[in-house]
Amino acid sequence: MYAPTKTDNYPTQTSIDQAKVEQILAHHNPNYISPTLPNPHSPTSPTSPQTPQTPHSRPQRNEAKLNKQSHINFLARLLIQGFPDRYTSQDASQPWLIFWIVQGLSLLGVGLDAGNKQKIINTLLACQSPLGGFGGGPGQAPHLLTTYAAVCTLAIVGRPGPQGGWDQIDRKKLYAFFLSLKQPDGSTLVSPHSEVDVRGTYCLLVTSTLLDILTPPLSASTPSFIASCQTYEGGFASASQPYYSPYFKVRNESTLMSDPRPPLGEAHGGYTFCAVASWVMLAPLRPPSNPSSPPNPASNPQTSPSPRPEYPTSQFTPSQEEGPKINTRSLVRWLTSLQGSPLELGAFRGRTNKLVDGCYSWWVGGCFGVLEGLGIDGANFSHYSHSKAHASGGQGGQGEGEGKSEEDEWADDDDALFNKRALQEYILYAAQAPTGGLRDKPPKHADSYHTLYNLSGLSNAQHRVHPSAEVTELLEKNWVDTPPPSPASAPTSTPPSPPSKTEETEETFERPDIYLSKLPSESYEAWNARRKRIWMAASAWSEDESEGSVAYVGGSDNRVNASHPLFNLTITHSRGMLNHFYGQSFVVPS
Amino acid sequence: MPGDSVLYSERPEWSDIQPIAQYETVTPVAPIFYSDEYKDATGYFRAVVKANERSERVLQLTEHIIRLNPGHYSVWQYRWSTLLALGSSLEDELLLMDELATTYLKTYQVWHHRRLIITELGGKSNPARELRFIRQGLNVDSKNYHTWAYRQWLLAHFNEDALWEGELPFVEEMLDEDVRNNSAWHHRFFTVWQSGVRAGEEDREYTLNRELSYTKEKIALAPNNGSAWNYLRGVLDFTKTSYSTLRTFIEPYTAPRDESEPEVLDLDNPLPSKDAQLPCVAAIEFLAEIYESEVDNAKRAAELYRSLAEVHDKIREKYWNYRVGEALSSAGQVVAS
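Residues numbered from 1 in each chain as written. Chains lettered and ligands numbered in written order. Predicted model: local features only at pLDDT ≥ 70, side-chain atom pairs only at ≥ 80, totals over all residues. Heavy atoms only, no water.

## What to know about the overall build of chain A
When helices and strands are counted, chain A shows 19 helices and six strands. Expressed as a percentage of the 590 residues in chain A, the buried residues total 62%. Of the contacts formed within chain A by residues at least 6 apart in sequence, a portion of 74% connects residues at least 24 apart. As presented, chain A carries roughly 22,400 Å² of accessible surface, and 55% of it is formed by carbon and sulfur atoms. (Helix = DSSP H or I, 4+ residues; strand = E, 2+ residues; numbered from the N terminus. Buried < 20%, exposed > 50% of the residue type's maximum accessible area, 1.4 Å probe, protein only. Contact = heavy atoms within 4.5 Å. Areas by Shrake-Rupley, 256 points an atom, 1.4 Å probe, with all protein chains shown as cover.)

In structure tokens form, the structure reads like this:
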């Protein structure tokens, strides 16, 4: 049951590092019994006949408990008291520090008082650059990643109106900033003079979706860039070598490689999350199908046909007529392959043959939530396996015959493609730091980043969140078109932004730049139709509360809130911000 | 140097600059408690940015801040545009990067800045020296993502035969050090398959056979190595080679060793090492896929997937059951059509 990773008696650095981690994790597994187990934290020799454990060195069965209060205290302390000197390395990531804390609290069901919300709004607005977008701190250059962190935090703590944070986002400049970073291959720089990678693509797409500035020019060629980052393993790399030469003065075109756009770097969990979520967010931009005209290959994301394409699939021979594709079969295979063994308590690693880390609970585990957006889950074929009896107690870290409380009974009929139970066990048994907060792995310290991404991964393993057909229908019915400006009141161009101080009264305040995402060539009808598709696709994600879809290891006291798989915001926060920027007021009934 | 420098506020040569506090009107949440040295230096940085000053002292200031916080991307950006504005020696800047990249290996910016320098130097740069520098970096951290991505960018960007020439021996050296280093396997795929056809590799059939032999040998050495299996699958997918062609090789890996069988030496199909822990999950999966691709063999494929779900790889039970369903349903489709 708890066999160490097979090394074929051929040790290398990888297997040595792996064995060390497995030894440590064994001590955090309440079901792992071995009298000769050496304690890696103690100087006791591995060959010592004595059992080195103290009674406290290993969690007890009833310790499958999420220590919510100590995590809340940990996060609240960082928010109010701040970070020690060693966090200077995060000085260029201040909106991230705030996002990790505030979203972590949201998942734990904690809202903030009006005073602290306002302080956060003011802090983030101080990071907004005069050039558009948000930087890592006041006076820093705007950056796609910190823009994501700032906008998502504002989704949680902000509100419409004066000083609310939402209408103070300068969307016009933000949109211009985004366009300025676009490269001919569909990629984007993360900031001027900076690198290209799919994290930037993801952050751009999340914020432009939330703020109603996602347009065809902004997403041009992005699907083919994403597709080019998929590696032979099935996951995605950070970026790919562009097919064009960005520096003509240095190299001429003839030196470009004949086989263009190889991925730079190996398949990686973090980049894969960003790539796949981006792929899903681009789907509503696909124009309504028109069989007479072939779709534009550069803006038409597709996946391999479901349930299965001709075997073996390969994305290496993309057919230009059909547009860029990603190989979802190899993607799913690779994602599931990253889940650790029972000895590793079912945690995820980020790359083949690397060590598990709690943050991949979200970057890899969360990908399975994102895949729901492509209609991929275990439900397609679940009737083949549901009929058979499950002999052992749990599927993951559970030994047979372990006493389980009534509440802890695992229905075992969820349709997930990965082992949700085991992942929850890793988070509960190994990722919680004794003094609050969550971590990469023991014996490391907790930090705000690992606290959020462990909690997000836990959320994804507890809930099933998917684009609901019923909710989509309701959204479709209740969408209200934004009317064209009436000739009397409206200027011909977009209104000025932001409104001057004198206009900021509760009564007359209006969303600035409501027509910002309308293209000059586009009719108001086409513009509304496109916005409607984007708003619906983003708002339709809902929690599936049917039996077997929700399961909490350790009981329902361990429940954390469900998270939107594309944004990592709660469903309520996501829809609230979307409604504001798309001018909608429909609230999905719960 | 960090730690022992005089504050800028006490330096006469900086007295013409009025530093700018980070938060002028706002009391921030989640503040970082910076050292006085860092607070002082970044205050002056904000001021020179506001004044758009490009000078030697700006280069000193930005280097100072980078040493305190190499992740400060705005400082890197400003340093880069200042270097260009002043026409500073990029060769000297590269020497500085040699030192900083070694100290701050995991920072995005040290690698990107290097890329900007090399790109700007163009024909005057020395990419072969870069390859040697990268090799040293990999000695410290053999799976560093940025280091590998930088190497791949460098090769693709210059795309010179002389540079490519050494890549295969280099990868083999890395894999000899650690056959489980997935970064090295990826680099092999990049070099052999995804960056054009190298000089001397025009015979793709030969290349395919060489890669298959190499990979089989590495699998035989330590069969439970996901990186080698993924490479093998990658090669077959890329070249559209049927998995069935490897059936003879695969089969001994799918079952416990039969000690009674006399060992037959087959150079094309190396047997698992003496210490191999069999059966090997990846081999069972591979064989199942062979069955799945054959007419009328879906049930055997399903049986193998089921054995993974129930016996050999229970953590992935859900996934393997999904594959059972897939195999059986596509078999249904074949019968129906």
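Back to the text.
## Quick word on helix α5 (residues 108-121) of chain B
All names here are of chain B. A rise of 1.5 Å per residue sets the reference length of α5, with its 14 residues, at 20 Å; its end C-alpha atoms lie 20 Å apart and thus fit the reference within 8%. Extensive coverage of α5 is indicated by the burial of 11 of its 14 residues. Turning to α5, its buried residues are Gln109, Val110, Trp111, His112, His113, Arg114, Leu116, Ile117, Ile118, Thr119 and Leu121. Packing partners of the buried residues in α5 comprise α3 (73-86), α4 (90-103), α6 (127-140) and α7 (145-158). In the segment just after α5, Gly122 is the residue with positive phi, at about 55°. (Expected span 1.5 Å × (residues − 1).)

## Some details on the environment of Leu338(A)
Relative to the elements of secondary structure, Leu338(A) occurs in the loop between α11 (328-337) and α12 (360-363). Residue classification places Leu338(A) among the buried residues on the basis of a relative accessible area of 0%. For the pair Leu338(A) and Asn353(A), spaced 15 residues apart in the sequence, the C-alpha separation amounts to 8.7 Å. Among residues more than four places away in sequence, those in contact with Leu338(A) are Ala347(A), Phe348(A), Arg349(A), Gly350(A), Arg351(A), Thr352(A), Val364(A) and Arg316(B).

## Section: the environment of Leu108(A)
All names here are of chain A. Its place among the elements puts Leu108 in the loop between α3 (94-107) and α4 (114-126). For Leu108, a relative accessible area of 9% gives the class buried. Along the primary structure Leu108 and Val560 are separated by 452 residues, whereas in three dimensions their C-alpha atoms are 5.4 Å apart.

## Re the packing of helix α1 (residues 36-51) of chain B against helix α2 (residues 56-68) of chain B
Residue and element names in this part refer to chain B. Axis separation between α1 and α2 bottoms out at 10 Å; the angle between their running directions is 140°. If you check the angle between α1 and α2, you find them oblique. As α1 runs across α2, the sense of the crossing is left-handed. Contact residues: Glu37, Tyr38, Ala41, Thr42, Tyr44, Phe45 and Val48 in α1; Val58, Leu61, Thr62, His64, Ile65 and Leu68 in α2. Across the contact of α1 with α2, the residue classes break down as nine nonpolar, three polar and one charged. (Axes fitted to C-alpha atoms, helices over the stretch in contact; angles between N-to-C directions. Parallel < 35°, antiparallel > 145°, perpendicular 65-115°, else oblique. Left-handed = near helix turned anticlockwise from the far one by under 90°. Nonpolar A, V, L, I, M, F, W, Y, C, P; charged D, E, K, R; others polar.)

## Focus: the interface of chain A and chain B
Counting residues at the interface gives 114 residues for chain A and 99 residues for chain B. Around 9,000 Å² of area is buried between chain A and chain B when both sides are counted, 53% of it from carbon and sulfur atoms. It is Asp8(A), Tyr232(A) and Arg333(A) that lose the most area in chain A upon contact with chain B, and together they represent 10% of the buried surface on that side. Counting across the chain A and chain B interface gives two salt bridges. As a salt-bridge pair, Glu285(B) and Arg333(A) come within 2.7 Å of each other at their nearest N and O atoms. (Buried area = accessible area lost by both parts, 1.4 Å probe. Salt bridge = Lys/Arg side-chain N within 4 Å of Asp/Glu carboxyl O.)

## With respect to the nonpolar core
Counting residues in hydrophobic clusters, the biggest one holds 245 residues, and the most contacted among them are Phe99(A) and Met577(A). Ranked by the residues each element gives to this core, the list is headed by helix α5 (residues 144-157) of chain A, at 11 residues. (Core = buried A, V, L, I, M, F, W, Y, C linked by side-chain atoms within 4.5 Å.)

## Some remarks on helix α16 (residues 448-462) of chain A
All names here are of chain A. Taking 1.5 Å as the rise per residue, α16 with 15 residues should run 21 Å; its terminal C-alpha atoms sit 21 Å apart, in good agreement. Among the 15 residues in α16, 14 count as buried, and that is most of the element. Where α16 begins, the capping side chain belongs to Asp447, and its oxygen is found 3.1 Å from the backbone nitrogen of Tyr449. (Polar contact = N/O pair within 3.5 Å; in protein donor to acceptor, adjacent residues only side chain to side chain.)

## Considerations on the domain arrangement of chain B
Residues and elements named next belong to chain B. Split by domain assignment, chain B resolves into domain 1 (1-125), domain 2 (138-144 + 154-202) and domain 3 (204-336). Relative placement of domain 1 and domain 2: their C-alpha centres are 34 Å apart. Listed by partner, the interface residues are seven residues for domain 1 and six residues for domain 2. Across the domain 1/domain 2 interface, buried area totals approximately 430 Å², and carbon plus sulfur atoms make up 62% of it. It is Leu105, Lys106 and Ile118 that lose the most area in domain 1 upon contact with domain 2, and together they represent 65% of the buried surface on that side. Joining domain 1 to domain 2, the criterion identifies one salt bridge. Linking Asp141 and Lys106 is a salt bridge whose minimum nitrogen-to-oxygen distance equals 3.1 Å. Here the residues of the side of domain 1 that touches domain 2 sort into three nonpolar, three polar and one charged. (Domains from an automatic or database assignment.)

## With respect to the packing of α3(A) against α4(A)
Residue and element names in this part refer to chain A. Where α3 meets α4, the axes come as close as 10 Å, and the angle between the chain directions of the two elements is 150°. Put simply, α3 runs roughly antiparallel to α4. Seen along the crossing, α3 lies across α4 with a hand that is left-handed. Each of Pro95, Ile98 and Val102 in α3 lies in contact with α4, whose residues at this interface are Ile120, Thr123 and Leu124. Classifying every residue of the contact of α3 with α4 by side-chain character gives five nonpolar, one polar and no charged.

## Digging into the packing of aromatic side chains
Evaluated as defined, the whole model comprises 47 aromatic pairs over all chains. Consider the rings of Phe368(A) and Phe418(A), whose centres lie 4.7 Å apart with planes at 20°: the pair is stacked. Linking Phe368(A) in helix α13 (residues 365-371) with Phe418(A) in the loop between α14 (382-386) and α15 (420-431), this pair joins segments that are 50 residues apart in sequence. For the residue pair Phe368(A) and Phe418(A), the accessibility class agrees, reading buried in each case. Ring centres 5.8 Å apart and planes at 85° place the aromatic pair Phe45(B) and Tyr78(B) in the edge-to-face group. One end of the pair, Phe45(B), is in helix α1; the other, Tyr78(B), is in helix α3, and 33 residues separate them in sequence. Look at Phe45(B) and you get buried, because its relative accessible area is 4%. A residue is classified by how much of its surface remains accessible, and Tyr78(B), at 7% relative accessible area, is buried. One aromatic cluster in this structure is built from Trp96(A), Phe99(A), Trp100(A), Tyr148(A), Tyr202(A), Phe273(A), Trp362(A), Trp363(A), Tyr449(A) and Tyr453(A). We note Arg57(B) situated over the ring of Trp14(B); from NZ or CZ to the ring centre the distance is 4.4 Å. (Phe/Tyr/Trp six-rings, centres within 6.5 Å; stacked < 30°, edge-to-face > 60°. Lys NZ or Arg CZ within 6 Å of the ring centre and 35° of its normal.)

## Thoughts on the pattern of salt bridges
Under the criterion given, the structure shown has 44 salt bridges over all chains. With a closest N to O distance of 3.8 Å, Glu292(B) and Arg323(B) form a salt bridge. Of this pair, Glu292(B) sits in helix α14 (residues 281-293) while Arg323(B) sits in helix α16 (residues 317-336), and the two are 31 residues apart along the sequence. A single network of salt bridges, built from pairs that share partners, joins Arg329(A), Arg333(A), Arg233(B), Glu285(B), Glu289(B), Glu292(B), Arg323(B) and Glu326(B).

## So, the state of the cysteines
Two cysteines joined by a covalent bond between their sulfur atoms form a disulfide. All names here are of chain A. Under the definition given, this model contains zero disulfides over all chains. Distance from the sulfur of Cys359, which forms no disulfide, to the nearest cysteine sulfur (Cys274) is 12 Å. A residue is classified by how much of its surface remains accessible, and Cys359, at 3% relative accessible area, is buried. (Disulfide = S-S within 2.5 Å.)

## A closer look at unusual backbone geometry
Cis geometry marks the peptide bond from Pro442(A) to Pro443(A); its omega dihedral reads 0°. Looking at the secondary structure, you find Pro443(A) in the loop between α15 and α16. Notably, Gln163(A) is not glycine yet its phi reads approximately 60°, a positive angle. Mapping Gln163(A) onto the fold places it in the loop between α5 and α6 (171-181). For Asp296(B), which is not glycine, the phi dihedral falls at a positive 70°. With respect to the secondary-structure elements, Asp296(B) resides in the loop between α14 and α15 (298-312). The exposed category is assigned to Asp296(B), whose relative accessible area is 75%.

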